[in-house]
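Letter by letter, the chains look like this.
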Amino acid sequence: MIYPIVKFGNPVLEKPAEKVTVFDKELEKLIEDMFESMYEAHGVGLAAPQIGIGRRIAVIDVTFKEDPDAKLVLINPEIIHTEGKHTQSEGCLSIPDFRENVTRPNKVTVRAQDVHGKVYEKTGEELLARAFLHETDHLNGKLYISHISALKRDLMKRKIRKLQKAGEW
Ligand code: NI
C-alpha cells in the first residue's frame, strides 16, 4: 500500500514519535509499505511520521533500488557517534521543491533495531550519515530546516504559507 506523504504544517511532523515495542507481522507490512511509499515519492529515506504514523520507524535506501543490501530499517534508532563535518544540499519529502545547504557530521554511527527487534549498529559516511541524522531527527519531531539559519527558515515558511493559501501545498 502506498501512503500519501504528510507535508510541513501537519503537527505529526513536529511531535516526537513513540517507541516501538511490538515486532509482529503488522510491523513487517508497515515497513514494506514504507519502502513502497518512499520509492513512489522518489525518496532515499522516509520516517513513519511522514505518513502520519507517530512511531519510531524509518527506512533508508541511499542507492534507490540499485543495491538490495542498502535497504535499511531503523526502529527506535539512536545516534551513538558522530565525526567530522560535511555540507550538502538537503531536502525532505515533506517539504517538496525546497532545498538548502545543511552542515552535519560526516561520519555517523546509529544503533537501531531491525524488523525482528534485533539490535544492530551501523556506521555511514556522507549521504548515508546524513540520512541517519535526517531520519532520526524526524522521529524526534525535528525537520532539517531547524539546522538552517532563522532568516532562511522564515523565508521558506513564508513561501510555504503562500502555497498553502493558494491551495498548492
Ligand atoms: Ni525528511
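Conventions and cut-offs
- Residues numbered from 1 in each chain as written.
- Predicted model: local features only at pLDDT ≥ 70, side-chain atom pairs only at ≥ 80, totals over all residues.
- Heavy atoms only, no water.
- Donors = N, O, S within 2.8 Å, 3.2 Å for Na, K, Ca; no water.
- Helix = DSSP H or I, 4+ residues; strand = E, 2+ residues; numbered from the N terminus.
- Buried < 20%, exposed > 50% of the residue type's maximum accessible area, 1.4 Å probe, protein only.
- Salt bridge = Lys/Arg side-chain N within 4 Å of Asp/Glu carboxyl O.

1. Overview of the coordination of the nickel ion
Ideal geometry at a metal gives 109.5 degrees between four tetrahedral donors and either 90 or 180 degrees between six octahedral ones. Ligation of the nickel ion by protein atoms is provided by Cys92 (SG), His134 (NE2) and His138 (NE2), these donors lying 2.1 to 2.3 Å from the ion. Read in sequence order, the donor residues for the nickel ion give the motif C-x41-H-x3-H. Here the residue His134 and the residue His138 both occupy positions in helix H2 (residues 127-139), the gap between them amounting to 4 residues, near one helical turn. Assigned by exposure class, His134 and His138 land together as buried.

2. Observations concerning the pattern of salt bridges
Taken as a whole and assessed by the stated rule, the structure comprises 8 salt bridges. With a closest N to O distance of 2.7 Å, Arg104 and Glu90 form a salt bridge. Of this pair, Arg104 sits in strand E5 (residues 100-104) while Glu90 sits in strand E4 (residues 86-90); the two residues are 14 residues apart in sequence, bridging distant segments of the chain. For the pair shown, Arg104 and Glu90 are each scored as buried. A salt bridge links Lys152 to Glu100, with the nearest nitrogen and oxygen atoms 3.8 Å apart. Within this pair, whereas Lys152 is found in helix H3 (residues 150-165), its partner Glu100 is found in strand E5, the two being separated by 52 residues in sequence. By relative accessible area, Lys152 is classed as partly exposed at 41%. A single salt-bridge network, built from bridges that share partners, covers Glu90, Arg104, Arg130 and Asp137.

Note that all results are geometric; they support no functional claim without further evidence.
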